[in-house]
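# Examining the three-dimensional arrangement
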Amino acid sequence: TKPLEQVREQITEQIRANEAMLLAAAAGNELVGKIQGGADPTAVAVEYSTEWRPLNELRRGDQQLPADLSAAVFKAPRPGAKASYQGLLLASGDFAIYQVTAVNPGRPDLYSVEARDQRKQALADQLGSGQVAAMVEALAKTARTSVTPNLVGNDSDLL
């Protein structure tokens, strides 16, 4: 256990970050309500000094959006007669508003079974690598580590 004076700044910073995320979520949900009520998304973005960036097409694995937003878009239900706007608090603390207007199903019949199996394996590898990288990043932020000099050779072996 560390004395409070030693961790006060870290605790204060974490509380501020959490409060900022809560405020972003509340403001974002308010904007979603306005847009769902008929307000023009571009006008709302200008009014609140934010950015409205329509995308005409988004493919799985596309890097145009943060990964958590892309995942939410692809999990969203297919649009009905009128596509609705959704909001999402991102891991970064930002709030995103999105609308799925159309879904274009894939065409697996254009690819051989072998090609599909290879793609499935590549996607599984990519997902696993991303999860490992995220775990390592989270652990690196919270853990105190040290490297014993010359443990496995010279220091450049560890880079």
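Every chain begins its residue count from 1, and numbering advances along the sequence as written. The predicted nature of this model means local features are confined to residues of pLDDT at least 70 and side-chain atom pairs, given and counted, to a pLDDT of 80 or more, with totals for whole chains, interfaces and linings taken over all residues. Side-chain measures here rest on the full set of heavy atoms in the structure, leaving out hydrogens and waters.

What follows covers the overall build of the protein. A count of helices and strands for the protein gives 4 helices and 2 strands. Per the convention used, a helix needs a DSSP run of H or I reaching at least four residues, while a strand needs a run of E reaching at least two, with both numbered from the N terminus. Scanning the protein from its N terminus toward the C terminus, one meets helices and strands in the order α-α-α-β-β-α. Taken along the three principal axes of its C-alpha coordinates, the protein extends 65 × 50 × 25 Å. Buried, partly exposed and exposed residues are distinguished by accessible area as a fraction of the type maximum, computed with a 1.4 Å probe on protein chains only: under 20%, between the cut-offs, and over 50%, respectively. Counting over 159 residues, the protein shows a buried share of 14%. Only four residue types enter the charge count: Lys and Arg as positive, Asp and Glu as negative, with His and the chain ends excluded. Note that the charge is assigned to NZ on lysines, CZ on arginines, CG on aspartates and CD on glutamates. Separation of charge centres in the protein, based on 16 positive and 19 negative side chains, amounts to 6 Å.

Before going further, it helps to spend a moment on the pattern of salt bridges. Salt bridges, as used here, are contacts in which a Lys or Arg side-chain nitrogen is within 4 Å of a carboxyl oxygen on Asp or Glu. Under the criterion given, the structure shown has 5 salt bridges. Residue Arg59 is joined to Glu57 by a salt bridge in which the shortest nitrogen-to-oxygen separation is 3.0 Å. Residue classification places Arg59 among the exposed positions, given a relative accessible area of 57%. A salt bridge links Asp109 to Arg107, with the nearest nitrogen and oxygen atoms 3.0 Å apart. Accessibility expressed as a relative area gives 56% for Asp109, which makes it exposed.

Moving on, we come to the pairing of strand β1 (residues 85-89). Where β1 meets strand β2 (residues 95-99), 5 bridges bridge the pair, whose relative direction is antiparallel. By the bridge assignment, Tyr85 is partnered in β2 with Gln99. Linking β1 back to β2 in an antiparallel pair, the connection comprises 5 residues, with Gly93 at a positive phi of about 100 degrees. When DSSP finds two or more bridges between two strands, those strands count as paired.

The set of buried Ala, Val, Leu, Ile, Met, Phe, Trp, Tyr and Cys residues whose side-chain atoms join them within 4.5 Å is what this entry labels a nonpolar core. Counting residues in hydrophobic clusters, the biggest one holds 10 residues: Leu58, Leu65, Leu69, Ala72, Val73, Ala76, Leu90, Ala96, Tyr98 and Val100. Sorting the residues of this core by element identifies α3 (67-75) and β2 as the ones contributing at least two each. Whether two residues are in contact is decided by their heavy atoms, any of which lying within 4.5 Å being enough. In this structure, Ala96 is in contact with Leu69, Gln86, Gly87, Leu88 and Leu90, ignoring residues within four places of it in sequence.

In short, geometric facts, not functional conclusions.
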